[in-house]
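Tertiary structure, described
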Amino acid sequence: MPVYLLPKEPVFPPATEAEEDGLIAIGGDFSVDRLLNAYASGIFPWFVHDGEPYWFSPDPRLVLFPDKLKISKSLERTVRAETFEIKFDTDFEAVISQCARIKRAHEPDTWISEEFIEGYTNLHLKGFAHSVACYNKGNLVGGLYGISLGKAFFGESMFFTQPNASKVALYHLVQLLLKWDFQFIDCQVETNHFLRMGATLIPRSEYLDRLQQVIKFPTRRESWMQDPGSLLQ
């Protein structure tokens, strides 16, 4: 099946037309409308090559249902010890920039280019993208960011410079999403890290069905910049 070359309009082919590796389209931009349309269609940008974004819809899809989160005893102790100060939406650009800087063993270079940072920061300013940050003694040591649509959260990337910091950020995000009755966190592709934390692979067809149900709900576009304790009351 040929890969779709995107036109100027923020449209996509059906996610079911993706190639075996999940690639469905090349081109386009990181405008707010295009990114929102992509996520609502079960598609996400993975990287930029030769100035062109590459868009994917993998099959199967890795998702984390909030009530299925698994945490180790050591992580539970870290959470209880309140080692980190947790903040939502306080410095989105710092979190995504740190995610871009982190070198990963299986990747020769970061996929979070300047186009990604600009596009997702614009989503944040519009109330669709959110960050969770972990601080220790005032220093940003871990966090994550992603997109919120309806009752779904689409995880994009996470980082840590201190052990367990990104896991603690995820834990607090899950507690908030449980309170707000979110149905799933999209983890995109299979990783041992998220499988150990309770994520599961589901067929793309099931993912798309679930997605169409959850995006019917209103999106929480207000800032999530609140104290975690007050959020969970």
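Source: prediction; values computed, not measured.

Some words on the pairing of strand β8 (residues 139-149)
In terms of residue burial, β8 counts as a mostly covered element, since 10 of its 11 residues are buried. Relative to β8, strand β7 (residues 129-136) runs antiparallel, the two being bridged by 8 bridges. Of the residues in β8, the one forming a bridge with N136 is N139. Linking two consecutive strands that pair antiparallel, namely β7 and β8, is a turn of 2 residues; a positive phi of about 55° is found at K137 within it. When β8 meets strand β9 (residues 152-160), the two strands line up antiparallel, connected through 8 bridges. Across the sheet, S148 pairs through a bridge with F153, a residue of β9. Remark: 2 residues form the turn of the hairpin made by β8 and β9, two consecutive strands paired antiparallel; G150 in that turn has positive phi of roughly 55°.

Here's the deal with the sheet that holds strand β5 (residues 61-64)
Backbone hydrogen bonds hold the strands of a sheet together, and the pairing may be parallel or antiparallel. The strand order across the open sheet built from 7 strands is β6-β7-β8-β9-β10-β5-β11, with neighbouring strands paired in mixed fashion. Only two strands of the sheet have a single neighbouring strand rather than two, namely β6 (85-88) and β11 (200-202). Here the average twist between neighbouring strands, direction ignored, is 30°. Taken together, the 3 bridges between β5 and β11 define a ladder with antiparallel strand orientation.

Overview of the environment of Q213
With respect to the helices and strands, Q213 occurs in helix α7 (residues 204-214). For Q213, a relative accessible area of 45% translates into the label partly exposed. Through-space distance from the C-alpha of Q213 to that of A165 is 32 Å; in sequence the pair is 48 residues apart.

About the cut-offs
- Residues numbered from 1 in each chain as written.
- Predicted model: local features only at pLDDT ≥ 70, side-chain atom pairs only at ≥ 80, totals over all residues.
- Heavy atoms only, no water.
- Buried < 20%, exposed > 50% of the residue type's maximum accessible area, 1.4 Å probe, protein only.
- Helix = DSSP H or I, 4+ residues; strand = E, 2+ residues; numbered from the N terminus.
- Pairing = 2+ DSSP bridges.
- Axes fitted to C-alpha atoms, helices over the stretch in contact; angles between N-to-C directions.

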